[in-house]
Amino acid sequence: MSWQERYQGALMNTFGLPKLDLVRGEGARVWDVDGKEYVDLLGGIAVNALGHAHPAIVEAVTTQLQTLGHVSNFFTSEPQLELAERLVSLLTGRSSGSGRSSGSGRSSGSGRSSEVETPGKVFLSNSGAEANEAAFKLTRLTGRTHVVAAEGAFHGRTMGALALTSKAAYREPFLPLPGDVTFVPYGDEAALAEAVTDETAAVVLEPIQGEAGVVVPPDGYLAAARELTHRHGALLWLDEVQTGIGRCGAWFAHQLPFGGGVTPDVVTLAKGLGGGIPIGATIALGAAADLFQPGNHGTTFGGNPVACAAALAVLDTIESTHLLDHVAGLGKALRDGLAEDPRVVDVRGEGLLIGLDLTGPSADVAAAALEAGWIINNPTPQGIRLAPPLVLSEEQAHAFVEAWPAILASAGLEEAR
Ligand SMILES: *Cc1c(COP(=O)(O)O)cnc(C)c1O
């Protein structure tokens, strides 16, 4: 029986049929069951920050599992403490706790606001949706219920996260969802100003929308959101599940120049944080850090030592191999190279989160790319998304730029008239 047949027989049909049967990976490359090699320019959807089978993650996970694998949240472990301290220090640019951290990367300093930074606290979980559920529940503890979210936003598939996700096809079969959510057009300062009131608990935004096809807001948008939320006593919650942990060439996308130096109240993380080991994190700064009290929230697996050790290996490797600079430089080279083809009508993104709009169906382009040995993704009808491992090499990126015109040609795309 083929893997496809077995899949159909044994797995619920939530994703459609798998496009590849994979057996092995190394760096940015994976191999299928027939031995065909692919360069993975999607990285498990922005997850495999260090690529496949990175020795630092293998070593960290193996050693931790041999030492102490799971303890429940009745107890703590050093990887959990250290990860929470590191995440707060990366977010605030301040080191905390044990002081093992060596700073917040290239974007700290000049771009940041001068306001006094408050310490923060972390809730650890297992996925992006869970990180967002925790943040959503936390907003309720402000005593307010109204949340403003963006059209095109994706925050996950659980009921709470779905309540903040605008796409009708995802929501409608599952109504009623938690209410009191207002959706506003993304990037529209005036619409945001209209929606946020003194009753608003939080504004939740992706600093760059990922699933919407990599949409970067106009300069000043996040700063305006910060100003509005301050004025109305609401929380600014940035969902960096896809954009965080180096993906965009800074530890957090909102720390890039377009973020205007904002300091959010809440940041959610997952995807790249564990480098392939499931983990989510909800970081809250200032007063928001103390909203949860015992009994308000919980998780059995969240913060387990193995997942935390994996995340620490990811953070250490990003730092020690200067990956933020690599990502910023390589991302620009990729965007510039791919945009040279006249069948590309728009290119967006920061670092290695890249969106390309094309003159024809992106599903055909993704299929042609796969045939040619490149894994890419088509989140919108004419849009391609790339989110390769941060360790993608210059040679691999260059080879893709070289292969790109032939991929577009074999998908039958024509130049815009
Ligand atoms: C992927 C994603 C989520 C959901 O994460 P899961 O781990 O799939 O639950 C939430 N927010 C954003 C911005 C995402 O890209």
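As recorded in an unreviewed UniProt entry, the protein chain goes by Acetylornithine aminotransferase and comes from Nocardioides gansuensis. According to the UniProt record, the Subunit (unreviewed entry) comment for the protein chain is "Homodimer." The record held by UniProt for the protein chain lists under Catalytic activity (unreviewed entry) the comment "N(2)-acetyl-L-ornithine + 2-oxoglutarate = N-acetyl-L-glutamate 5-semialdehyde + L-glutamate".

Novice: Would you take a moment to explain the domain arrangement of the protein chain for this structure?
Specialist: How big an interface is tends to be stated in terms of accessible area lost as the parts join. When cut into domains, the protein chain gives domain 1 (3-53 + 322-410) and domain 2 (56-320). Each of domain 1 and domain 2 has a C-alpha centre, and the two are 25 Å apart. Residue-level contacts link 27 residues of domain 1 with 33 residues of domain 2. For the salt bridge of Glu211 with Arg385, the shortest nitrogen-to-oxygen distance reads 2.6 Å. Looking at the side of domain 1 that touches domain 2, the elements with two or more residues in it are helix 2 (43-46), helix 11 (323-339), strand 11 (344-350), strand 12 (353-358) and strand 14 (377-380).

Novice: Help me understand the environment of Trp3, please; the structure alone is not making it clear to me.
Specialist: Mapped onto the elements of the fold, Trp3 is located in helix 1 (residues 3-10). For Trp3 and Pro18, which are 15 residues apart along the polypeptide, the C-alpha to C-alpha distance reads 9.2 Å. The contacts of Trp3, once residues within four sequence positions are left out, are Asp21, Leu22, Val23 and Val33.

Novice: Looking at this structure, I do not really get the sheet that holds strand 12. What am I missing?
Specialist: Strand pairing in a sheet is mediated by backbone hydrogen bonds. Such pairs are either parallel or antiparallel. An order of 11-12-15-14 is seen for the four strands of this open sheet, with the pairing classed as antiparallel. The open sheet has two edge strands, strand 11 and strand 14, and neither has a second partner. Within this sheet the neighbouring strands show an average axis-to-axis angle of 30°, counted without direction. Two strands pair when backbone bridges link them, and strand 14 and strand 15 (residues 383-386) are joined in this way by two bridges, in the antiparallel orientation.

Novice: I'm lost on the site of the ligand in this one. Help?
Specialist: Around the ligand, the neighbouring residues are Ser127, Gly128, Ala129, Asn132, Phe154, His155, Gly156, Glu206, Asp239, Val241, Gln242 and Lys271. The backbone of Phe154 places a nitrogen or oxygen atom 3.2 Å from a nitrogen atom of the ligand. Between the ligand and the protein, one listed contact pairs a nitrogen atom with a side-chain N or O atom of Asp239 at 2.7 Å. Its free accessible area being 380 Å², the ligand has 82% of it covered by the protein chains. No other element matches helix 5 (residues 128-140), which puts three residues into the shell around the ligand. Here the shell around the ligand is composed, by residue class, of three nonpolar, six polar and three charged.

Novice: Sorry if this is basic, but what is going on with the sheet that holds strand 13 (residues 374-375) here?
Specialist: Here four strands make up an open sheet; going across it, the order is 1-2-3-13 and the pairing mixed. Two strands lie at the open edges of the sheet, namely strand 1 (22-26) and strand 13, each paired on one side alone. Judged from the four bridges that link them, strand 1 and strand 2 (residues 29-32) form a sheet pairing that is antiparallel. Paired with Leu22 across the bridge in strand 2 is Asp32.

Novice: When you look at the packing of aromatic side chains in this model, what are you seeing that I'm missing?
Specialist: Note on aromatic pairs: each is described by the distance of the centres and the angle between the planes. Applying the stated criterion to the full structure yields six aromatic pairs. Each ring, one from Trp374 and one from Phe400, has its centre 5.0 Å from the other, and the planes form 55°; the classification is tilted. Within this pair, whereas Trp374 is found in strand 13, its partner Phe400 is found in helix 13 (residues 394-410), the two being separated by 26 residues in sequence. Of the residues examined, Phe400 reaches a relative accessible area of 0% and is grouped as buried. An aromatic cluster is present here, built from Trp374, Phe400 and Trp404 joined pairwise through their rings. Above the face of the Trp31 ring, Arg24 is positioned so that its terminal group lies 4.0 Å from the ring centre. The aromatic ring of Tyr170 is capped on one face by Arg157, whose charged end is 3.8 Å from the ring centroid.

Novice: I would appreciate a short explanation of the packing of helix 11 against helix 13 in the present structure.
Specialist: When two helices pack together, their arrangement is given by the angle between the helix axes and the distance between those axes. The N-to-C vectors of helix 11 and helix 13 enclose an angle of 10°; their axes lie 9 Å apart at closest approach. Considered as vectors, helix 11 and helix 13 are oriented roughly parallel to each other. Note on element contacts: helix 13 touches helix 11 through Glu394, Ala397, Phe400, Val401 and Trp404, opposite Leu330, Leu334, Gly337 and Leu338. For the contact of helix 11 with helix 13, the residue count by class is seven nonpolar, one polar and one charged.

Novice: Help me out: how do you make sense of a nonpolar patch on the surface in this one?
Specialist: A cluster of nonpolar side chains, Trp3, Val23 and Val33, forms an exposed patch at the surface whose accessible area comes to about 260 Å². Inspection of the secondary structure assignment puts Val33 in the loop between strand 2 and strand 3 (37-40). We classify Val33 as partly exposed; its relative accessible area is 40%.

Novice: Any chance you could explain the pairing of strand 7 (residues 200-205) here in plain terms?
Specialist: Strand residues, when the strand is regular, have side chains that alternate between the two faces of the sheet. For strand 7, the buried fraction is high: six of the six residues fall into the buried class. With three bridges connecting them, strand 5 (residues 146-150) and strand 7 associate as parallel partners. Looking at the pairing, Val147 lines up with Ala202 of strand 7. Here strand 7 runs beside strand 8 (residues 235-239); their pairing, made up of four bridges, is parallel. Among the inter-strand pairings, Leu205 is bridged to a residue of strand 8, identified as Leu238. Between the parallel pair strand 7 and strand 8, the chain is carried across by helix 9 (residues 221-232), and the sense of this crossover is right-handed.

Definitions and limits used
- Every residue gets a number counted from 1 within its own chain, in the order that chain's sequence is written.
- Side-chain atom pairs in this predicted model are given and counted only at pLDDT of 80 or more, local residue features only at pLDDT of at least 70, and totals for whole chains, interfaces and linings cover all residues.
- Computation of side-chain values covers all heavy atoms of the structure but excludes hydrogens and water.
- UniProt positions are given in the numbering used here, feature names are shortened, and annotations may be inferred rather than shown by experiment.
- Each domain span listed reflects an automatic or database assignment of domains.
- Contacts were defined at the residue level, with two residues in contact if any of their heavy atoms lie within 4.5 Å.
- Whenever Lys or Arg places a side-chain nitrogen within 4 Å of a carboxyl oxygen from Asp or Glu, that contact is recorded as a salt bridge.
- Each helix is a run of H or I in the DSSP string that is no shorter than four residues. Each strand is a run of E no shorter than two, and both are numbered from the N terminus.
- Here a strand pair is declared whenever DSSP counts at least two bridges between the two strands.
- A fitted line through C-alpha atoms represents every axis, and for helices the fit uses only the stretch in contact; the resulting angles, taken between N-to-C directions, go from 0 to 180 degrees.
- Consider each residue's heavy atoms; a residue with any of them within 4 Å of a molecule or strand counts as near.
- In protein, a polar contact means a hydrogen-donor-capable atom and an acceptor-capable atom, both N or O and within 3.5 Å, with residues adjacent in sequence counting only if both atoms are side-chain atoms; elsewhere, any N or O pair within 3.5 Å suffices.
- The Shrake-Rupley method, run with a 1.4 Å probe, gives the accessible areas here. Residue values count only the displayed protein chains as cover.
- Residues are grouped as follows: Ala, Val, Leu, Ile, Met, Phe, Trp, Tyr, Cys and Pro are nonpolar; Asp, Glu, Lys and Arg are charged; every other residue, Gly included, is polar.
- A pair of aromatic rings is counted whenever rings of Phe, Tyr or Trp (Trp by its six-membered ring) have centres within 6.5 Å, and the orientation is called stacked for planes under 30 degrees apart, edge-to-face for over 60 and tilted otherwise.
- The cut-offs for exposure are 20% and 50% of the maximum accessible area for each residue type, with area from a 1.4 Å probe on protein chains only; residues under the lower value are buried, those over the upper are exposed, and the others partly exposed.
- We call a charge positioned over a ring when the NZ of a Lys or the CZ of an Arg lies within 6 Å of the ring centre and within 35 degrees of the ring normal.
- Reported orientations rely on four angle classes, namely roughly parallel under 35 degrees, roughly antiparallel over 145, roughly perpendicular from 65 to 115, and oblique for the rest.
- Patch construction takes residues with relative accessible area above 30% that form no salt bridge. Like charges are linked within 9 Å, and nonpolar side chains (Val, Leu, Ile, Met, Phe, Trp, Tyr) are linked within 5 Å.
- Orienting the strands away from the viewer, one traces the path from the first strand over the helix to the second; a clockwise path indicates a right-handed crossover.

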